[in-house]
Every structure is written in structure tokens, then in C-alpha cells.
Amino acid sequence: MDANVNQFPPYREAEAHGHHGHDDHDHGHEHHEPSFWHRYVFSSDHKIIGIQYGFTALCFMLFGFFLMLLMRWQIAHPSQPVPLGIGWILEKILGTPAAGGIISPELYNSFGAMHGTIMVFLAIVPLAFAAFGNYVVPLMIGAPDMAFPRVNMASYQAYFLGGTVMFVSFFIPGGAAQAGWTSYSPLATSVPTHGQLFWILGMVLLINSSLLGAVNFIATIIQLRAPGMTWMRMPFFVWAQFVTAFLLLLAFPPLEAASVMQLMDNVAHTSFFLPTGLATGGNLAHISGGGSPLLWQHLFWFLGHPEVYVLILPAMGIVCEIIACNSRRPIWGYKSLVYSVLLIGFLSFIVWAHHMYLTGMGTTISEFFQATTMIISIPSVIILTCLFISLWGGSIRINTPMLFALAFLPMFGIGGLTGLPLGFNASDLFLHDTYYVIAHFHYVVAPGTIFGLFAGIYFWYPKMTGRRMNEFWGSVHFWTSLIFMNLVFMPMFVQGMKGMLRRMADGGANYSAARVPGAIDALPAYVMDLHHWIFIAAVCLGIAQIPFIINIFWSMKHGEKVGDNPWEATTIDWQTPTPPPHGNFTSPIQVYRGPYEYSVPGHATDFTPQNEPEVTTTVPRTVPSHAH
């Protein structure tokens, strides 16, 4: 039977079948050139939507980084005006909270809440899952598009609208949300600003965006794989996106329900999360009571911990593709990688309460979450081990994507290892809510996930544009980012272990030995001085991104032109024209082998594309006559 039969949607037949009348048929269906708006703004093409997600997410990441710089200035120089005229601009835009160019504690809380929200929900998740997933996954599985192209377009539009709502909240009276990126009740309901209302509405839009995208990815990967693309022939990046989609689909609805309930607490005076006897400003609050603040924490962290793997799994998939391609050998333990990522997806739903050890849970239940937290570290270690072993004996090519991919391994390793003390309830008692937690989480996300995303941008940029990004400036971007990223976050481990608490606008100055001489466990001077060095390193880290930004736009016109497969990769996303046309493939795709057939003995080249037909050799054999 023809391999193209019963494909959904149908693959186009090759034109060399001897049929006549094609010209007459084609003239009856002339295609009009789409307008700019339909091609680039309201497009349903998965590649355009992926680029839209990527560009928007990078803009939000830059904005979130700027908020972090303002916070680091306030921590290093409490109650001092922001220099370089930035303080004057803040005062003109934000008014009283930035009076005199000084970041007030209320404004600091807004910056902190929105920095976390923007970086997680508006920058890294859309870039890792939606941008790379939209552009690359259909190409990797041989699909002409996503299963539901218009749903895909609606997903981006909901994301963009949610981000706009979040951004606008800075300019309303009272400013943006101030209850942290976790939005804990009852604080989130008692803060006197409508920013929290905007935060909830923005989150509902972002959640709906992720749900639409998750359903689309699952349907696409299950239904639209090319003939021969069996489950165990899928690239690991596709597996990572597949599991990530399930995490979003199952973990986000509880937070959406919680967001609606918190919205009702804010505007309809219900008490889903507001307890009886709540006092604000020394007076009893006018509420019915009976709600549970812990319910919000359970619903939030039921998403919050799978969300960590939503951040990291796509980056792991990107790093796997790049290491396989640039080490010129098959990934070691491919099936172990697949089973590990499936196990991570399952276990990520039963570890959430390790964020809640200090809420008074019993020892039995805390032991359960402690055990599952330790167990979930095992498949992560397996994935890192497989990637490290894959380098052994390889003919390694060093280029910018490979530099970022190699740096991802130890950086994520540091983030994972430093998380183990937080998984034990006894040690978490002392480290909870300190700078140690900030350092641990940011090592997973910043030099971890973001390095993987940078690697992916440099790696697939030639497929998107037909030009390669400049290698020299890519190396400058990598080395400066690596150095200053570590200088920003490594000192925070020291500060955290010395007891410095997070979310304090003065960086703990009121608890320092300089402010309270002779106080027991007061923060010593050298711990406070680290704030100044962290701020300098953060500024340098921001400057280090300038070559990357220039490189992206400069290379679109002036980068080195490349062919369809400049990296000599095996996966079928590199077997399309560059950039891929509408429909992606100019002829039907048939997959014959696994995704990492590098350096196969006896092959003419050191890479064998998945869609290259098998070379069969007919060996004559003698059949005895009595065998008939």
C-alpha cells in the first residue's frame, strides 16, 4: 500500500505520475498573495507564529531584566535616586511611588512581583515551549503545519493580550501587583491596588494561551507524524515538547480555577482564601471568612513545580539536538532519555508541597514529599549523564550553539545539586525564603534554561533566515554571559546561608551588624557588601547582551549565507528548503531510521538523514532444490 494513503492531512502526491491536465486544474485555483497583516500578524502558519512568540518573549525578557537591574540598584543603594536620569523617568511615568527618583518599598514589591511573573510566564515559557516548539516540532516530525492552525493563532493572541494587560498594570493608579509572583492570599487581596486585578486577568489569558497550545502540540505529535516516524524515531526535542504539553494541560487548570476564586475574593468579596478573624491595618477585615490561605498555596504550587520542568525540559531537548549534531555521534542512551523525561513528567505532579514545609504540615506527609523530591532528581541526573557520555569519543565541533549547550550541563547541574538541601524538610527550615532559594532557582533557569534557549536561537537561526549568526560576536556573547551570570548568582548562596531573607527592599540593611551593632546573627558587613558587586555584575550582564541583540538583526542582512543543512544534521527539519515554504516540504516525507545516525560505518558521509532511503544490497543465495 502506498505510504501516503490515510495521512491526515493528506501529503501531496509527487507530480511525476504521468497525469495530464495539471495546468488546467491549477489555473482554476489561483492563490492570491496574502497581505502584510495576514502574513505576519494574523498568520496561522506555525513558523510565523513561532517567530512571533520568540520575538515577543525576548522583548518581555529584556523588560524583566531591566526590572531586575532597578531592584538590584535599590538593594545595593537603599533610598538613593536611580542614576543616569532613569530615576527622573520613573518619577514622570509612575508618580508618587518613584518620588525623587527613589524606588519606594511599594514600588520595589511591584518590580519583584512583575519580574518573576514576566520572566516565567511571559518570557521563558513562551520562548522555550511555544516559540521553539511551534517552529521546530512540525518540521521535525514531517508535518505540514500544526493540527489546529487557527487555534495556534488564537494561542499567540491570548498570550500577547495577557502580556499587554500585565504591562499596562504599571501605569494604573496604585501601580502593578505587589504580592509577589506567587500572589499569596490574603496578602494579594489586602494590598490597596488594582494591580492585583490586572495580574489575575493577565494570568487567566496566559493560562488559556498555554492550554490551547498544549492541546495543539499533543494532537500534532500524535496525529501528524510523517510515515515511518515511529515513537522511538522521534528526536528527543519532540519528546521533551510532548511531555511539556501534558504538564501544561494538566497543571494549569487548577491555577486557573484558583485565579478565578481569587478574582472573586477581590471584586465580589467572597472568602475562598480569606480566613475568619483576618485583620488588616489593626482592624478586622469586613469579610465572611471561612476560607483557607493554604488552599491557594496548594493550587499554585500544583502548577508551580511542574512549571519548573516546563521551563527546563525544552532546553534539555535543544541541548540534546545540538550535542548530537556537534559531537558527530549518536546520543548515548536514547531510550533512557525518553523514559527519564516521561518519569519526570509523572513525578513532577507529586512533589509540589516541598515548597510548603513551613506551613505546618505533619511529619508523615512531609516525608512523602521529601522522598518524591529526591526520587525526581534521579531521571534528571540520568539525562545529564547521557549527554555527558555522548561527548566521549566524539569529533566535537566548537561553535556558538555548542558553547551554550556545553555550559548548560554544569550550570543546570549546580542548580539541581543546590536544590537537594531545599528538598529535605530539616535543612529547608533554615534555607526557606532566603537568598539561597533565589540562587538555586536562578541557576536552574538563568544559566540553565536561558543558555539552552540561546543555544537554540544560534542553532536554528540559519533555518529561519538562510544566514548564519556571526561566530565571533556569538563567542563574545557566550563568554561574557557565562562569567557575569555566575558573578550575579553565586554570591547569593553565601548570603542565603548567612540568613539574608528575600523580598526586602533594603537588602537586609535593617538586620545588618552595621545597623544593629552586637546583635546575634546580624548580617556581617562582607555579606552586605556583596550587594554592590552583584549589582555591578548584573549591569555587565546586561551589557553582554548587546552583541547578541545586534547580531540577530545584523545577520538577517549581512550574515553568511548557508544552504539547507549547514550543520549537516540528520533530523528532517534540516531536509526542507531554507527558509521552509508554506507546507514545509516540497515532496512527501518518509522516515527510515532514528534521529541521530551520525558516523555510521560504511556510509559516505558522517551523517545519515532520517529521510534518506536505505541502501539495500542484494546478496545472491543458492536455494537447495529439495526445499521447494
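These remarks concern the structure in this document. (Residues numbered from 1 in each chain as written. Predicted model: local features only at pLDDT ≥ 70, side-chain atom pairs only at ≥ 80, totals over all residues. Heavy atoms only, no water.)

1. Brief notes about the overall build of the protein chain
For step 1, the next point in the chain: Looking only at helices and strands, the protein chain has 18 helices and four strands in total.
For step 2, the next point in the chain: Taking 25 Å as the expected radius of gyration for a compact globule of 628 residues, we find that the protein chain reaches 27 Å, a close match to that expectation.
For step 3, the next point in the chain: Buried positions account for 54% of the 628 residues belonging to the protein chain.
For step 4, the next point in the chain: Put simply, the protein chain shows about 27,600 Å² of open surface, and 67% of that area lies on carbon and sulfur atoms.
For step 5, the next point in the chain: Looking at the protein chain, you have 23 positive and 31 negative side-chain charges, and the mean spots of the two groups are 5 Å apart. (Helix = DSSP H or I, 4+ residues; strand = E, 2+ residues; numbered from the N terminus. Rg over C-alpha atoms; globule rule 2.2 N^0.38 Å. Buried < 20%, exposed > 50% of the residue type's maximum accessible area, 1.4 Å probe, protein only. Areas by Shrake-Rupley, 256 points an atom, 1.4 Å probe, with all protein chains shown as cover. Lys, Arg positive; Asp, Glu negative; His and termini not counted. Charge placed at Lys NZ, Arg CZ, Asp CG, Glu CD.)

2. Remarks on the side chain of serine 481
For step 1, the next point in the chain: Structurally, serine 481 is set in helix H16 (residues 471-497).
For step 2, the next point in the chain: The exposure class assigned to serine 481 is buried, which follows from its relative accessible area of 0%.
For step 3, the next point in the chain: A distance of 2.7 Å separates a polar atom in the side chain of serine 481 from the backbone oxygen of histidine 477.
For step 4, the next point in the chain: If sequence neighbours within four positions are ignored, serine 481 has contacts with Phe451, Leu541, Ala544 and Gln545. (Polar contact = N/O pair within 3.5 Å; in protein donor to acceptor, adjacent residues only side chain to side chain. Contact = heavy atoms within 4.5 Å.)

3. Topic: the nonpolar core
For step 1, the next point in the chain: Counting residues in each nonpolar core, the largest one holds 184 residues, and the members touching the most others are Phe111, Met114, Phe236, Leu313, Ile323 and Phe451.
For step 2, the next point in the chain: Once residues within four sequence positions are removed from consideration, phenylalanine 236 is found in contact with Met316, Gly317, Cys320, Glu321, Tyr334, Leu337, Val338, Val341, Ile383 and Tyr596. (Core = buried A, V, L, I, M, F, W, Y, C linked by side-chain atoms within 4.5 Å.)

4. Observations concerning the packing of aromatic side chains
For step 1, the next point in the chain: Applying the stated rule across the entire model yields 46 aromatic pairs.
For step 2, the next point in the chain: Ring centres 5.4 Å apart and planes at 70° place the aromatic pair tryptophan 181 and phenylalanine 300 in the edge-to-face group. One end of the pair, tryptophan 181, is in the loop between helix H6 (149-168) and helix H7 (187-190); the other, phenylalanine 300, is in helix H10 (residues 293-327), and 119 residues separate them in sequence. You'll find tryptophan 181 and phenylalanine 300 in the same group, each marked buried.
For step 3, the next point in the chain: A ring pair is formed by phenylalanine 404 and phenylalanine 454, whose centres lie 5.5 Å apart and whose planes are at 55°; its orientation type is tilted. Remark: phenylalanine 454 occurs in helix H15 (residues 435-465) and phenylalanine 404 occurs in helix H13 (residues 400-423); sequence separation between them is 50 residues. With respect to class, phenylalanine 404 is no different from phenylalanine 454; both count as buried. (Phe/Tyr/Trp six-rings, centres within 6.5 Å; stacked < 30°, edge-to-face > 60°.)

5. Description of the side chain of threonine 117
For step 1, the next point in the chain: For threonine 117, the location among the structural elements is in helix H5 (residues 105-141).
For step 2, the next point in the chain: In this structure the side chain of threonine 117 is engaged in a polar contact, spanning 2.8 Å, whose partner is the backbone oxygen of alanine 113.

6. Thoughts on a nonpolar patch on the surface
For step 1, the next point in the chain: Together, Trp88, Ile89, Ile93, Phe167, Val168 and Phe171 line one region of the surface with nonpolar side chains, adding up to about 590 Å² of accessible area.
For step 2, the next point in the chain: Going through the elements one at a time, helix H4 (86-94) and H6 are the ones with two or more residues in the nonpolar patch.
For step 3, the next point in the chain: Element by element, the count of residues in the nonpolar patch is highest for H4, at three residues.
For step 4, the next point in the chain: Here phenylalanine 167 lies in helix H6. (Patch = residues over 30% accessible without salt bridge, like charges linked within 9 Å, V, L, I, M, F, W, Y side chains within 5 Å. Salt bridge = Lys/Arg side-chain N within 4 Å of Asp/Glu carboxyl O.)

7. Observations regarding the pattern of salt bridges
Side-chain pairs of opposite charge can arise where the charged atoms are in close proximity.
For step 1, the next point in the chain: Scanning all chains against the criterion turns up six salt bridges.
For step 2, the next point in the chain: Close ionic contact of arginine 328 with glutamate 568 constitutes a salt bridge, the shortest N to O distance being 3.9 Å. Of this pair, arginine 328 sits in the loop between H10 and helix H11 (334-347) while glutamate 568 sits in the segment after strand E4 (560-561), and the two are 240 residues apart along the sequence.
For step 3, the next point in the chain: The buried category is assigned to arginine 328, whose relative accessible area is 4%.
For step 4, the next point in the chain: Note that arginine 328 is salt-bridged to aspartate 606, the shortest N-O span being 3.0 Å. Of this pair, arginine 328 sits in the loop between H10 and H11 while aspartate 606 is found in the segment after E4, placing the two residues 278 residues apart along the sequence.

8. Points about helix H9 (residues 236-267)
For step 1, the next point in the chain: Over its 32 residues, H9 runs 46 Å from end to end, which matches the ideal 46 Å to within 8%, given 1.5 Å per residue.
For step 2, the next point in the chain: With respect to burial, H9 is a largely interior element, 23 of its 32 residues being buried.
For step 3, the next point in the chain: Downstream of H9 by a residue or two, histidine 269 has a phi angle that is positive, lying close to 60°. (Expected span 1.5 Å × (residues − 1).)

9. Concerning H11
For step 1, the next point in the chain: Compared with the 20 Å implied by 1.5 Å per residue over 14 residues, the 20 Å span of H11 between its first and last C-alpha is a close match.
For step 2, the next point in the chain: Taken as a whole, H11 has its buried residues at Tyr334, Leu337, Val338, Ser340, Val341, Ile344, Gly345 and Leu347.

10. Considerations on the packing of H9 against H10
For step 1, the next point in the chain: As a packed pair, H9 and H10 sit with axes 8 Å apart at the nearest point and diverge in direction by 160°. Between H9 and H10, the angle is such that the two are roughly antiparallel. In this structure, H9 meets H10 at a crossing whose hand is left-handed. (Axes fitted to C-alpha atoms, helices over the stretch in contact; angles between N-to-C directions. Parallel < 35°, antiparallel > 145°, perpendicular 65-115°, else oblique. Left-handed = near helix turned anticlockwise from the far one by under 90°.)

11. Considering the state of the cysteines
For step 1, the next point in the chain: Scanning the entire structure with this criterion turns up zero disulfides.
For step 2, the next point in the chain: Free of any disulfide, cysteine 325 has its nearest cysteine sulfur in cysteine 320, 11 Å distant. (Disulfide = S-S within 2.5 Å.)

12. A look at the environment of serine 104
For step 1, the next point in the chain: Mapping serine 104 onto the fold places it in the loop between H4 and H5.
For step 2, the next point in the chain: For serine 104, a relative accessible area of 15% corresponds to the buried category.
For step 3, the next point in the chain: Along the sequence, serine 104 and alanine 505 sit 401 residues apart, while their C-alpha atoms lie 8.1 Å from each other.

13. Observations regarding the environment of methionine 261
For step 1, the next point in the chain: With respect to the helices and strands, the residue methionine 261 is situated in helix H9.
For step 2, the next point in the chain: Note: C-alpha distance between methionine 261 and proline 173 (88 residues apart in sequence) is 24 Å.
For step 3, the next point in the chain: Leave out the neighbours within four places in its chain, and methionine 261 touches Thr270, Phe272, Phe273 and Leu299.

14. A closer look at unusual backbone geometry
For step 1, the next point in the chain: Of note, the amide linkage connecting serine 185 to proline 186 takes the cis form, showing an omega dihedral of 5°.
For step 2, the next point in the chain: Mapping proline 186 onto the fold places it in the loop between H6 and H7.
For step 3, the next point in the chain: With omega at -15°, the peptide bond leading from threonine 578 into proline 579 counts as cis.
For step 4, the next point in the chain: Relative to the elements of secondary structure, proline 579 occurs in the segment after E4.
For step 5, the next point in the chain: Of note, the phi angle at aspartate 433 is positive, near 65°, even though the residue is not glycine.
For step 6, the next point in the chain: On the secondary structure map, aspartate 433 appears in the loop between helix H14 (425-431) and H15.
For step 7, the next point in the chain: A positive phi angle is found at arginine 503, which is not glycine, with a value near 65°.
For step 8, the next point in the chain: With respect to the helices, strands and loops of the structure, arginine 503 is situated in the loop between H16 and helix H17 (525-544).

15. Considerations on the environment of valine 41
For step 1, the next point in the chain: One can find valine 41 in helix H2 (residues 36-41).
For step 2, the next point in the chain: A C-alpha to C-alpha distance of 17 Å links valine 41 and methionine 464, two positions 423 residues apart in sequence.
For step 3, the next point in the chain: Not counting residues up to four positions away in its chain, the partners in contact with valine 41 are Phe36 and Gln52.

16. Overview of the packing of H11 against helix H12 (residues 363-391)
For step 1, the next point in the chain: The interhelical angle for the contact between H11 and H12, taken along N-to-C directions, is 155°, at an axis separation of 9 Å. As far as their axial angle goes, H12 and H11 are roughly antiparallel. Of the two elements, H11 crosses H12, and the hand of that crossing is left-handed. The residues of H12 that touch H11, namely those facing Ser336, Leu337, Ser340, Val341, Leu343, Ile344 and Leu347, are Ile375, Ile376, Pro379, Ser380, Ile382, Ile383 and Cys386.
For step 2, the next point in the chain: Residue classes in the contact of H11 with H12 are distributed as 11 nonpolar, three polar and no charged. (Nonpolar A, V, L, I, M, F, W, Y, C, P; charged D, E, K, R; others polar.)

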